[in-house]
Number of protein chains: 2
Amino acid sequence: MAVVLTNQGFVASEALHYPYQERGLQFGDGIYEVIRVYQGRPYLMTEHLDRLYRSAEAIKLTIPFDKEHLRQQLLALINENRLTEDGLIYLQITRGSAKRLHLFPDCEPNFFAYTDKLARPLEQIKTGIKAITKQDIRWHYCYIKSLNLLPNVLAKQEAFEQGAFDAILHRDQIVTESTAANVFIVKDDVIITHPATERILHGCVRNRLILLAKLNEIPVVEAYYSVSDLLEANEVFLTSSGIEVLPVVEIDGKKIGTGKVGVMTKSLQDLYQRDAGLK
Amino acid sequence: MAVVLTNQGFVASEALHYPYQERGLQFGDGIYEVIRVYQGRPYLMTEHLDRLYRSAEAIKLTIPFDKEHLRQQLLALINENRLTEDGLIYLQITRGSAKRLHLFPDCEPNFFAYTDKLARPLEQIKTGIKAITKQDIRWHYCYIKSLNLLPNVLAKQEAFEQGAFDAILHRDQIVTESTAANVFIVKDDVIITHPATERILHGCVRNRLILLAKLNEIPVVEAYYSVSDLLEANEVFLTSSGIEVLPVVEIDGKKIGTGKVGVMTKSLQDLYQRDAGLK
């Protein structure tokens, strides 16, 4: 039976419930992370935990344990659940359980983390996916990995209903990110992605890939680009912990480049897979 | 012992828990309402229930019971809890309990409603409150009364830490609303408030007060106004189900008008109180 890690240690997953007066449930007053696990080994764990503590600070939430303790506990969670395949760790922390009032309550945060199996999307990585574009209607602090995900949910669902895998978001024509991934374009052998401002999540895979590209002397620019730049790009791809480096071969019904996975995208997939110990 | 209304009927409040895999808890994927109760009688209940169903439609959530059934159940809840004083009904509905994925799950929504006592803020209604101004960083669909309330929580907390009651929000200097109330200004005997666009909640008390003013030949304009209009106004007040018609006598350390509750605000408080059966 699966166990979940909480403030109170490991509990059976069926036993973990929260009262209806809970800040996550009533305000989305909390933050989260999703860490990729390959063959039982977490990937970019340090980067995810650093971001968790940054998100916490941004919403003035004090995590009641230190990063190294959390890391050890998450490794123990993988062991407890005998996760030896490809999977993920999901963790979240809210401001706690208290009578509903906007002002911060005087209570302990609620923390939980679980593991799950998650196969690599090999077919999509190989052949690419379709996307649509949509206005980015989210709040201004998208760099905080908060539980306020309703606009992301609605955009992802709309993409699905239109036969696409994801929605690529733009603020007044400037491409920001997708519903749960960062977006890169390739134009004349240069890789371009939105700068790490408050308007996008500073993705762990995004940052890693930029580093890997630079180490391999592939030109990367963090710069604003428009929806028309996106549609006219030679290649487009998404990055996230779940989908790795995922080619986008069609957007709004229009083929990107040749409509096939591009050379640059394949090179970056190769760099990613080597870095993650996948080849 | 207090009872809470749920999809499964009335349950003891201590017994109501939700699993950690819940759409409200992980995505804020739900909507809510707060209905004012005076001496055991709900005020503007029809308006609140109409808005609940509008919010549900906006996030593509199907409420699994009709409005009239819900109304009867909420009245029964007041009786069950023997709420004969001033109070409130809080109700929310999420997309349900399911394994975490952005796409809509195939499950029943989770609904609950509870009652609580809530005294009228008589002292603040009489003497007014202080506010600060802050950039409105929320998402674009503030007309949906969603559970994505983190920016509201953060702004309310910041106001509190600065010794103020609330934060009045503006998008690039255009005043929208406060963290949990609509904002009105009075300028040369005309009442002005932000139009009912997607950027603000269409407050039940807001709408009622506009109606009451018009019935009494008090000029009301729904129009955009700036932070400097706000600071230079003769009077400023907030409206919501909890705070009624609440005068704002100081903003960002600057006195509004004479720094006392204005004549127009008092007239509107009188109209509100008569309408709500309070005098």
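Nothing here was measured: the structure is a model prediction, and the numbers come from that model.

Visitor: Before we go on, may I ask you to explain the domain arrangement of chain A in this structure?
Guide: The accessible area lost on association of the parts is a frequent measure of interface size. All names here are of chain A. Each assigned domain of chain A is listed with its residue range as follows: domain 1 (3–117) and domain 2 (122–275). Distance between the C-alpha centres of domain 1 and domain 2: 26 Å. At the interface, 20 residues of domain 1 touch 18 residues of domain 2. For the pairing of domain 1 and domain 2, the buried interface totals around 1600 Å² over both sides, and the portion due to carbon and sulfur atoms is 57%. On the domain 1 side of the interface with domain 2, the three residues burying the most area are Tyr32, Tyr43 and Arg51, jointly 36% of the side's total. Joining domain 1 to domain 2, the criterion identifies 1 salt bridge. Ionic pairing is found between Arg208 and Glu47, a salt bridge with its closest N-O pair at 3.7 Å. Within the residue set of the side of domain 1 that touches domain 2, elements represented by two or more residues are strand 4 (30–38), helix 2 (45–58) and strand 6 (87–94). Here the side of domain 1 that touches domain 2 gets 7 residues from one element, more than from any other, and that element is strand 4. Looking at the side of domain 1 that touches domain 2 residue by residue, the classes come out as 10 nonpolar, 6 polar and 4 charged.

Visitor: Would you explain the pairing of strand 7 (residues 110–117) of chain A in this entry?
Guide: Sheet faces and side chains relate simply in a regular strand, where the side chains alternate between the two faces. Residues and elements named next belong to chain A. Burial analysis of strand 7 places 6 of its 8 residues in the buried class, which makes it a mostly covered element. Where strand 1 (residues 3–6) and strand 7 come together, 2 bridges link them in antiparallel fashion. Bridge pairing in strand 7 links Thr6 to Phe112. In the sheet, strand 6 pairs with strand 7 via 8 bridges, with the strands oriented antiparallel. Residue Leu91 lies in a different strand from strand 7, and its bridge partner there is Ala113.

Visitor: Before we go on, may I ask you to explain the packing of aromatic side chains in this structure?
Guide: By convention here, two paired aromatic rings are described through the distance between centres and the angle between planes. Going through the model one piece at a time under the given rule, you end up with 26 aromatic pairs over all chains. Here Tyr18 of chain B and Phe112 of chain B contribute two aromatic rings whose centre-to-centre distance is 6.0 Å and whose plane-to-plane angle is 35°, an arrangement assigned as tilted. Placement of the pair is Tyr18 of chain B in strand 3 (residues 17–19) and Phe112 of chain B in strand 7 (residues 110–117), with a sequence separation of 94 residues. Judged by its relative accessible area of 8%, Tyr18 of chain B falls in the buried class. An aromatic cluster is built from Tyr18, Tyr32, Tyr90, Phe112 and Tyr114 of chain A together with Tyr20 of chain B, whose rings are joined through pairwise contacts. Positioned above the aromatic ring of Phe165 of chain A, the side-chain terminus of Lys156 of chain A is 4.0 Å from the ring centre.

Visitor: Is there a simple way to explain the packing of helix 2 of chain A against helix 3 (residues 67–80) of chain A in this structure?
Guide: Any two packed helices are characterised by the angle at which their axes cross and by the distance between the axes. Residues and elements named next belong to chain A. Two numbers describe how helix 2 lies on helix 3: the axes approach to 11 Å, and their chain directions differ by 130°. The pairing of helix 2 with helix 3 is recorded here as oblique in orientation. Crossing handedness for the pair helix 2 and helix 3: right-handed. Each of Met45, Thr46, Leu49, Asp50, Leu52 and Tyr53 in helix 2 lies in contact with helix 3, whose residues at this interface are Lys67, Leu70, Arg71, Leu74 and Leu75. Among the residues forming the contact of helix 2 with helix 3, the class breakdown is 7 nonpolar, 1 polar and 3 charged.

Visitor: Explain the relation of the copies chain A and chain B to me, please; I cannot follow it from the model alone.
Guide: Both copies of the chain are related by a screw-like operation: a rotation about an axis and a shift along it. For these two chains of identical sequence, chain A goes onto chain B by a turn of 180° and a shift of 0.0 Å along the axis, with RMSD 0.0 Å. Considering both components of the superposition, the chain copies are consistent with a two-fold axis. Same-surface contact between copies: 98% of interface residues of chain A are shared with the interface of chain B.

Visitor: How do you make sense of the pattern of salt bridges when you look at a structure like this?
Guide: Two side chains that carry opposite charge are able to pair once their charged atoms sit near each other. Residues and elements named next belong to chain A. A full pass over the atoms with the stated rule returns 38 salt bridges over all chains. For Arg71, the salt bridge identified is with Glu68, shortest N-O distance 3.2 Å. Residue Arg71 and its partner Glu68 are both found in helix 3; the two are separated by 3 residues, about one turn of the helix. Residue classification places Arg71 among the partly exposed positions, given a relative accessible area of 22%. Residue classification places Glu68 among the partly exposed positions, given a relative accessible area of 42%. Several salt bridges share partner residues, and in doing so they unite Asp136, Arg138, Arg171 and Glu177 into one network.

Visitor: Just checking my understanding: could you explain the interface of chain A and chain B for this structure?
Guide: Taken residue by residue, the interface counts 56 residues in chain A and 55 residues in chain B. Buried area between chain A and chain B, summed over both chains or domains, comes out near 4800 Å², and the portion from carbon and sulfur atoms is 65%. A per-residue breakdown of the area chain A buries against chain B is headed by Tyr20, Leu25 and Leu150 of chain A, which together make up 16% of the total. Across the pair Lys60 of chain B and Glu161 of chain A runs a salt bridge, and its minimum N-O distance is 3.4 Å. Across the contact surface, chain A and chain B share 21 residue pairs in polar contact (both at pLDDT 80 or more). Elements with a contribution of two residues or more to the side of chain A that touches chain B: strand 3 (17–19), helix 1 (23–27), strand 4, strand 6, strand 7 and helix 5 (150–161) of chain A. Of all the elements, helix 5 of chain A adds the most residues to the side of chain A that touches chain B, at 9 residues. For the side of chain A that touches chain B, a count of residues per class yields 27 nonpolar, 16 polar and 13 charged. By the bridge criterion, 3 bridges tie strand 3 of chain A to strand 3 of chain B in an arrangement that is antiparallel. Looking at the pairing, Tyr18 of chain A lines up with Tyr18 of chain B of strand 3 of chain B.

Thresholds applied
- Residues numbered from 1 in each chain as written.
- Chains lettered and ligands numbered in written order.
- Predicted model: local features only at pLDDT ≥ 70, side-chain atom pairs only at ≥ 80, totals over all residues.
- Heavy atoms only, no water.
- Domains from an automatic or database assignment.
- Contact = heavy atoms within 4.5 Å.
- Buried area = accessible area lost by both parts, 1.4 Å probe.
- Salt bridge = Lys/Arg side-chain N within 4 Å of Asp/Glu carboxyl O.
- Helix = DSSP H or I, 4+ residues; strand = E, 2+ residues; numbered from the N terminus.
- Nonpolar A, V, L, I, M, F, W, Y, C, P; charged D, E, K, R; others polar.
- Buried < 20%, exposed > 50% of the residue type's maximum accessible area, 1.4 Å probe, protein only.
- Pairing = 2+ DSSP bridges.
- Phe/Tyr/Trp six-rings, centres within 6.5 Å; stacked < 30°, edge-to-face > 60°.
- Lys NZ or Arg CZ within 6 Å of the ring centre and 35° of its normal.
- Axes fitted to C-alpha atoms, helices over the stretch in contact; angles between N-to-C directions.
- Parallel < 35°, antiparallel > 145°, perpendicular 65-115°, else oblique.
- Left-handed = near helix turned anticlockwise from the far one by under 90°.
- Least-squares fit on C-alpha atoms with pLDDT ≥ 70 in both.
- Polar contact = N/O pair within 3.5 Å; in protein donor to acceptor, adjacent residues only side chain to side chain.

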